[in-house]
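Observations on the model geometry
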Amino acid sequence: MEELGRPNNEKEAIQMLHRYNMDLLPQKFGIAGKIWVMLLLLIIGVGLYYYIQQLRYGLSVTGLSDTVSWGIYISNFVFFVAVSLVGSLITAVLHLLNISWRAPLTRISEIIAVACIVFAGIIIIVDMGRPDRLLNMFIHGRIQSPIVWDVIVVMTYMTISLLLLYFPLLPGIAFCRDRLKNIPKWQHKMYIMLSFGWQNKPEQYNVVKKAVTIMSILIIPVALSIHTVTSWLFETTYRPGWDSTNFGAYFVAGAFMVGAAAVIAGMYILRRFYDRFDEYITDKHFDRMGRLLVLLSFIYLYFTVNEYFIPGYKMKGEEGEHLRALFTGHYAPMFWMVQIFGMIIPIIVLLFQRGRKPLPIFIMAVFVIIGAWFKRYLIVIPTMLHPFLPLEQVPESAKHYAPTFAEWSITGASLAGALLIITIFVRYFPIISIWELAEERAIPHETIYKHLNKSDEK
Amino acid sequence: MSKKGDNKEKPEGDNSGRRDFLKFGFLAAGITAVGPLQKVFSEDKDSVTTDNAEKVKVLTTDGKLVEVDSSYLKDNSCCHVSNDEARNGIPGKKYVMVIDLSRCKNALKCQDACQEYHLLPEQNKWLKVFKMQDSPAASPYWMPKPCLHCDEPPCVKVCPVDATFKRTDGLVLIDNERCIGCRFCMAACPYSTRTFNFDEPQMPDNAKDMAYSLETSLPRKKGTVEKCDFCPDMLRQEKLPHCVTACPNGVYYFGDANEDSVTNGDETVRLSQLLKEKAGYRYLESLGTKPSVYYLPAVNRLFPFEAGLENYKEDTHNH
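Below you will find a few notes about this structure. Quick caveat, the model's predicted, so the values are computed rather than measured. (Residues numbered from 1 in each chain as written. Chains lettered and ligands numbered in written order. Predicted model: local features only at pLDDT ≥ 70, side-chain atom pairs only at ≥ 80, totals over all residues.)

1. Concerning the overall build of chain A
From N to C terminus, chain A includes 18 helices and one strand. Taking 23 Å as the expected radius of gyration for a compact globule of 458 residues, we find that chain A reaches 23 Å, a close match to that expectation. Along the first, second and third principal axes, the C-alpha atoms of chain A reach 80 × 50 × 45 Å. In chain A, buried positions account for 48% of the 458 residues. (Helix = DSSP H or I, 4+ residues; strand = E, 2+ residues; numbered from the N terminus. Rg over C-alpha atoms; globule rule 2.2 N^0.38 Å. Buried ≥ 20, exposed ≤ 12 C-beta atoms within 10 Å, placed from the backbone.)

2. Digging into the interface of chain A and chain B
Contact residues are listed per partner, giving 37 residues for chain A and 41 residues for chain B. For the side of chain A that touches chain B, the elements supplying multiple residues, two or more each, are helix H6 (136-139), helix H7 (146-166) and strand E1 (394-395) of chain A. No other element matches H7 of chain A, which puts three residues into the side of chain A that touches chain B. Residue composition of the side of chain A that touches chain B, by class: 17 nonpolar, 13 polar and seven charged. (Contact = placed C-beta atoms within 7 Å. Nonpolar A, V, L, I, M, F, W, Y, C, P; charged D, E, K, R; others polar.)

3. Here we look at the pairing of strand E5 (residues 141-145) of chain B
Residues and elements named next belong to chain B. Where burial is concerned, most of E5 is hidden: four out of the five residues are buried. Inspection of the sheet shows strand E4 (residues 128-132) paired to E5 by five bridges, in the antiparallel sense. Across the sheet, residue Lys128 finds its bridge partner in E5, namely Lys145. (Pairing = 2+ DSSP bridges.)

4. Considerations on H7 of chain A
Under the 1.5 Å per step criterion, the end-to-end length of H7 of chain A is 30 Å for 21 residues, consistent within 8% with the ideal 30 Å. Taken residue by residue, H7 of chain A has Pro146, Ile147, Trp149, Asp150, Val153, Val154, Tyr157, Met158, Ile160, Ser161, Leu164 and Leu165 of chain A as its buried positions. Packing partners of the buried residues in H7 of chain A comprise helix H4 (86-96), helix H5 (103-127) and helix H10 (202-235) of chain A together with helix H5 (154-158) and helix H6 (184-188) of chain B. (Expected span 1.5 Å × (residues − 1).)

5. Digging into the pairing of strand E13 (residues 293-296) of chain B
Residues and elements named next belong to chain B. By the alternation rule, side chains of E13 split into Val293 and Tyr295 and Tyr294 and Leu296, which are all buried. For strand E3 (residues 95-100) and E13, the ladder comprises four bridges, and the chain directions are parallel. The partner of Met97 across the bridge, within E13, is Val293.

Okay, structure coming up:
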């Protein structure tokens, strides 16, 4: 990109590569990083404590009831699946479209995808009444059940995402193995193991590139499937609010939007905490991602109109009751906050060039992410409170839903866990791929390979 | 939930009488998975009421507690089937229920019997009587609702592990030893039928120790879904479900669609004729779930609607 320019000769190219090494090799955390990790561990610890309580006393530690039998564990699951879709968006779509500014963003989006899909899997086990019977899914699994479809596509997506993260990371791991001095023995061993004897041979790069292209194609239908199938968990029921033919596309659109926002937030935070990252994640990247986010938000707006406001025109029976609860009833404040802060304001701000500067776009991305979390709450919970039969002869507690502290802690721990995976990754691996960045900036292949190779170090 | 007469004679906090009573209650209900009767008695050393092993307390269908000679109790081990067999259903049968809304006054005897025999706590109700009103100008009526045992059951369709299943005799049952507690069936059921054991279910000790039976749904299991099962243990013995026999007003007709006959205990009628003459219908027919439970509309009622209001509570208290 223009900020750094392209090298005119080999000497300049090597200088550039040297600078990349200095800037992009993983570094030890400073005090802020350490506090951040401690904070995450603390949240996870509290969540673990409450999960042990839940294992002992059952789901009675939650605010769930026979009426609202799916609560924030499920809405949080949908949130995780949504965010994880971003890996395919940035890595695969931008790769296949050959977008020239994608290199510094691919790994950020892939690690977000991996962390989120892992915790989507974990949180769904947390939601189970009998996690001890998890294996029944495999012993007695019924292919007719959308849950089984979801397990299949989520595991497939997790596998492809991991590979899509790992293959382009191989040169990076080998680089850490060869260049990082004064590191603990285990860390060095880890690099040796994970680098699988990578030697920076052109053939090896060709295999990696081919694999990445194949997986970029493979992951697109799988990524669309994970969120479509997740929407089917709701759509296959008769309940007002879920009985919609719009749901698959609507979920996918929402997922792309929150995923793009998550990458923007990640970009901003990395740039904030790593001194020289603004040379790699430039204002231009924020501008481009802002344009992408505004486009995705418009698509989401389109689906939202179709999902809520057109049925709202009819106000049909039970569906109408459900919509009334969202538009003007108990859930109206949350519903309108989510629409305004999670969609309308970001669209308006990001339409302007000044709104796509790093700080305002970061704030908008945070709005979108928080809005997206509560949006999923609004998809799951109000519907459960509007069954066909009247809510009678149920305990008072089953007429409302308020997540308990245990539920919040466990949910918070899952979010902290995903952030911890990302944090640990940033601590030990180059979060911006050096060789892909170098390729993007038109440094000749031979120079890159030679430079990255240990034997040519001296 | 402790409102039975026998408890009043006992000091507060002593529920051994109740425990005995429950124990024999389900003995009489045909739960003999524990083996011979003698074994049940021998476990009962701590009890004050059964020091004479010849006399036992049982619950009659109209809710009275009576003491009878133990030799009157029928050993039902003949009718017990293995859980594998229980998945198949009773050969040649297709069970149906017809609920005559014109006879219901919300007496809740059906519910009491159901709670009693299935050892259910206050907050888990397999059978509910709803106060319904189809439109503001129309008259309200009472609508008992068990599981509708659909022929196209949405719950069975979505179950990931085949824990809830449809039998050849029309019953939709749950295997609580297989259920993983994902609660998808609860989301899928349009009739709010299913309940979940959020914590360790409260049961008398000896019920907890029984071998699990699909046909009694006992012992109840933590972290699993449960619901009205049409009392398959009773059907095995060619008896009627507890709600049917407990109803004082003949609201419930139960029978076999293959034989085209249903009975409410007082009269036995042709199913097809009953549905035709009284304009039977199924709740939310438009969903296409094909319930095994029919309703007869609340016309020419036996009781005024208001008669049921004394038993009507919008809420139940959560313990």
